[in-house]
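The lines below spell out each chain.
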Amino acid sequence: MTRQWWIWALVAALMALAAVTACGGGGGGDDDDDDDAADDDDDDDDDDDSGDDDDDSVIGPADDPEAIPAEALALFTGASYDDIVATGFTVYAGNGPPNIQSTFLINNSLIVYERRGAVSLPEIPTSVGTYEDDFLFTFLNQLANGHVDITYVATDDDELGNGGGAFISGWNGCFTTYLEVETEQESGLEDPCVWTSVQMLSGCLTTAGITNTEWAIFVKTQTPECNYLILPNNSIRIIDDEDGLSEYYEE
């Protein structure tokens, strides 16, 4: 009887130990579940953080700071692109340009460089140091593939340019647009002066507008009504916004 009691006591003790071990294991499982839940929460937080990084201040893949759309360079036949860059005009490459979809006022438009025709002759005076009209530039329909629509108009309404199907490059808040433009302006005759050009506009976007604005124009063709109104074909003009800021414009 004594020996049988001892055996039953041992069995009971082993069963109790097994029960305690099972409970401890269950507690460990709860901790693991809690850790997994915490990890899930961290993942959710990471997802939220990545969502916070998404904004519309940059339009483009932004993975190549040297990129310029091939279609943009194709607008500049002959030596027109190289001739513009040779003047010291700033080009901002990259496929991460800022979102410039708005209207900006380019005033204090100082002519800083001018070549009349394919070669400037020293005896022909230039307009360097004088001022152009003030212009409103509007940028629309900017896409990640580098396309953007551009129109500009002189504030006195005597000149209108349309650069639909233009292109843009840029990086770190700065940009360059490339456009082929047909411009119409008053000629004083029955028909207006109509001329075509390839142009570039460069600057850096801020909360106040575009800073360090540079505007390059290469004249390609013109109608007879343009006689003496604009530069000869193959001419280049570079214009800077002298006060350093092309402000956002709202009517």
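Refer to the structure printed above.
Below is a summary of the structure that appears in this document. (Residues numbered from 1 in each chain as written. Predicted model: local features only at pLDDT ≥ 70, side-chain atom pairs only at ≥ 80, totals over all residues. Heavy atoms only, no water.)

Examined against the element boundaries, Asp-191 turns out to sit in the loop between β7 (174-185) and β8 (193-205). The exposure class of Asp-191 is partly exposed, given its relative accessible area of 42%. Spatially, the C-alpha atoms of Asp-191 and Cys-226 are 9.8 Å apart, while their sequence positions differ by 35 residues. (Helix = DSSP H or I, 4+ residues; strand = E, 2+ residues; numbered from the N terminus. Buried < 20%, exposed > 50% of the residue type's maximum accessible area, 1.4 Å probe, protein only.)

Counting across every chain of the model gives two disulfides. Note that Cys-174 is cross-linked by a disulfide to Cys-204, the S-S spacing being 2.0 Å. Disulfide Cys-174-Cys-204: the torsion about the S-S bond is 95°, which places it as right-handed. Of this pair, Cys-174 sits in strand β7 while Cys-204 sits in strand β8; the two residues are 30 residues apart in sequence, bridging distant segments of the chain. Using a relative accessible area of 13% as the deciding quantity, one classes Cys-174 as buried. A relative accessible area of 14% means that Cys-204 is categorised as buried. Disulfide pairing is shown between Cys-193 and Cys-226; the S-S distance is 1.9 Å. What sets the handedness of the Cys-193 and Cys-226 disulfide is the S-S torsion sign, and at about 100° it is right-handed. (Disulfide = S-S within 2.5 Å.)

The next thing to look at is the packing of aromatic side chains. Following the criterion strictly, the structure yields eleven aromatic pairs and no others. Ring geometry for Phe-76 versus Tyr-81: centroids 5.8 Å apart, planes at 70°, classification edge-to-face. No difference in accessibility class separates Phe-76 from Tyr-81, as the two residues are buried. Look at Phe-135 and Trp-215: their rings are 5.0 Å apart centre to centre, the planes differ by 80°, and that puts the pair in the edge-to-face class. Here Phe-135, found in strand β3 (residues 135-140), pairs with Trp-215, found in strand β9 (residues 209-222); they are 80 residues apart in sequence, far enough to count as distant. Clustering of aromatic rings is evident, with ring pairs tying together Phe-104, Phe-135, Phe-137, Phe-139, Tyr-152, Phe-175, Trp-215 and Tyr-248. (Phe/Tyr/Trp six-rings, centres within 6.5 Å; stacked < 30°, edge-to-face > 60°.)

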